[in-house]
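One letter stands for each residue in the lines below.
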Amino acid sequence: QVRLMESGGGLVQAGGSLRLSCTASESIFSIFGMGWYRQAPGKQRELVASVTSGNNSPSRINYADAVKGRFTVSRDNAKKQLSLQMNSLKPDDTAVYYCNTIPPLGDWGQGTQVTVSS
């Protein structure tokens, strides 16, 4: 069972930056693609960034249109760590951010709150 822990959220003004980190408890992290998801109040959880495992081919990265050009996802399989660099943040980015495998197989963690003020 994969347990995940997110950190790095906070309150930031529009235009600011934050860096989120996720650590996984099991070696399965290196097998599956990993992603950052977010859930805003009253909305469904959505996938915003993903990166494949990179085990058999170069890693492929994808972003939701809403964050493309502003967010950068990276992973370190040796450390079982996934990161999300978020720049040029907008109030619409306000949400709880979670990491999980692609598709989501691990128990959802508590997430980390990101609040962007206008």
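It should be noted that the structure appears before, not after, this text.
Note that the structure is a prediction, hence the values are computed from the model and not measured. (Residues numbered from 1 in each chain as written. Predicted model: local features only at pLDDT ≥ 70, side-chain atom pairs only at ≥ 80, totals over all residues. Heavy atoms only, no water.)

1. Some points on the pattern of salt bridges
For the record, the criterion: We define a salt bridge as a side-chain nitrogen of Lys or Arg found within 4 Å of a carboxyl oxygen belonging to Asp or Glu. Categorising residues by exposure relies on relative accessible area from a 1.4 Å probe, with only protein chains included: less than 20% of the type maximum marks a residue as buried, more than 50% marks it as exposed, and the intermediate range marks it as partly exposed. Numbering of helices and strands runs from the N terminus; a helix is a DSSP stretch of H or I covering at least four residues, while a strand is a stretch of E covering at least two.
Under the defined criterion, the tally for this structure stands at four salt bridges. Between aspartate 65 and lysine 68 there is a salt bridge; the shortest N-O distance is 3.2 Å. Comparing aspartate 65 with lysine 68, the two get one shared label, exposed. With a closest N to O distance of 2.7 Å, aspartate 93 and arginine 70 form a salt bridge. Taken together, the residues span a long stretch of sequence, with aspartate 93 in the loop between strand S8 (81-86) and strand S9 (95-102) and arginine 70 in the loop between strand S6 (61-63) and strand S7 (71-76) at a distance of 23 residues. Classification of aspartate 93 as buried rests on a relative accessible area of 2%. The network of salt bridges with shared partners includes Arg38, Glu46, Arg70 and Asp93.

2. Side note on the sheet that holds S6
To keep things clear, this is the line we draw: We treat two strands as partners when DSSP finds at least two bridges between them. To obtain each axis, a line is fitted to C-alpha atoms, and for helices this fit is confined to the stretch in contact; angles are then taken between N-to-C directions over 0 to 180 degrees.
In space, the six strands of this open sheet follow the order S2-S10-S9-S4-S5-S6, with mixed pairing throughout. The strands lining the two open edges of the sheet, one partner per strand, are strand S2 (10-13) and S6. Going from strand to strand, the sheet's axes swing by 25 degrees on average, the running direction of each strand aside. The sheet contact formed by S9 and strand S10 (residues 112-117) spans three bridges and is antiparallel. If you follow tyrosine 97 over to S10, its bridge partner there is threonine 112.

3. What about the packing of aromatic side chains?
The criterion, for reference: Between 30 and 60 degrees the pair is tilted, below 30 it is stacked and above 60 it is edge-to-face, where a pair is any two Phe, Tyr or Trp rings, Trp via its six-membered ring, whose centres lie within 6.5 Å.
Under the criterion given, the structure shown has two aromatic pairs. Both rings, one in tyrosine 37 and one in tryptophan 108, keep their centres 5.0 Å apart while their planes meet at 90 degrees; by these two values the pair is edge-to-face. Here tyrosine 37 is found in strand S4 (residues 33-39), whereas its partner tryptophan 108 is found in the loop between S9 and S10, with 71 residues between them in sequence. For tyrosine 37, a relative accessible area of 8% puts it in the buried group. Here tyrosine 98 and tryptophan 108 contribute two aromatic rings whose centre-to-centre distance is 5.7 Å and whose plane-to-plane angle is 80 degrees, an arrangement assigned as edge-to-face. In this pair, tyrosine 98 sits in strand S9 while tryptophan 108 sits in the loop between S9 and S10, placing the two residues ten residues apart along the sequence. Residue classification places tyrosine 98 among the buried positions, given a relative accessible area of 10%. Ring pairing ties together the aromatic residues Tyr37, Tyr98 and Trp108, which thus form one cluster.

4. Some thoughts on the state of the cysteines
Worth spelling out the cut-off: In this description, a disulfide is simply a cysteine sulfur pair whose atoms lie within 2.5 Å.
What the rule picks out here adds up to one disulfide. Through a disulfide, cysteine 22 is tied to cysteine 99; the S-S separation comes to 1.9 Å. Sign of the S-S torsion, about 65 degrees for the bond between cysteine 22 and cysteine 99, identifies this disulfide as right-handed. With cysteine 22 in strand S3 (residues 18-24) and cysteine 99 in strand S9, this residue pair connects regions lying 77 residues apart in the sequence. Residue class for cysteine 22 comes out buried when judged on its relative accessible area of 0%.

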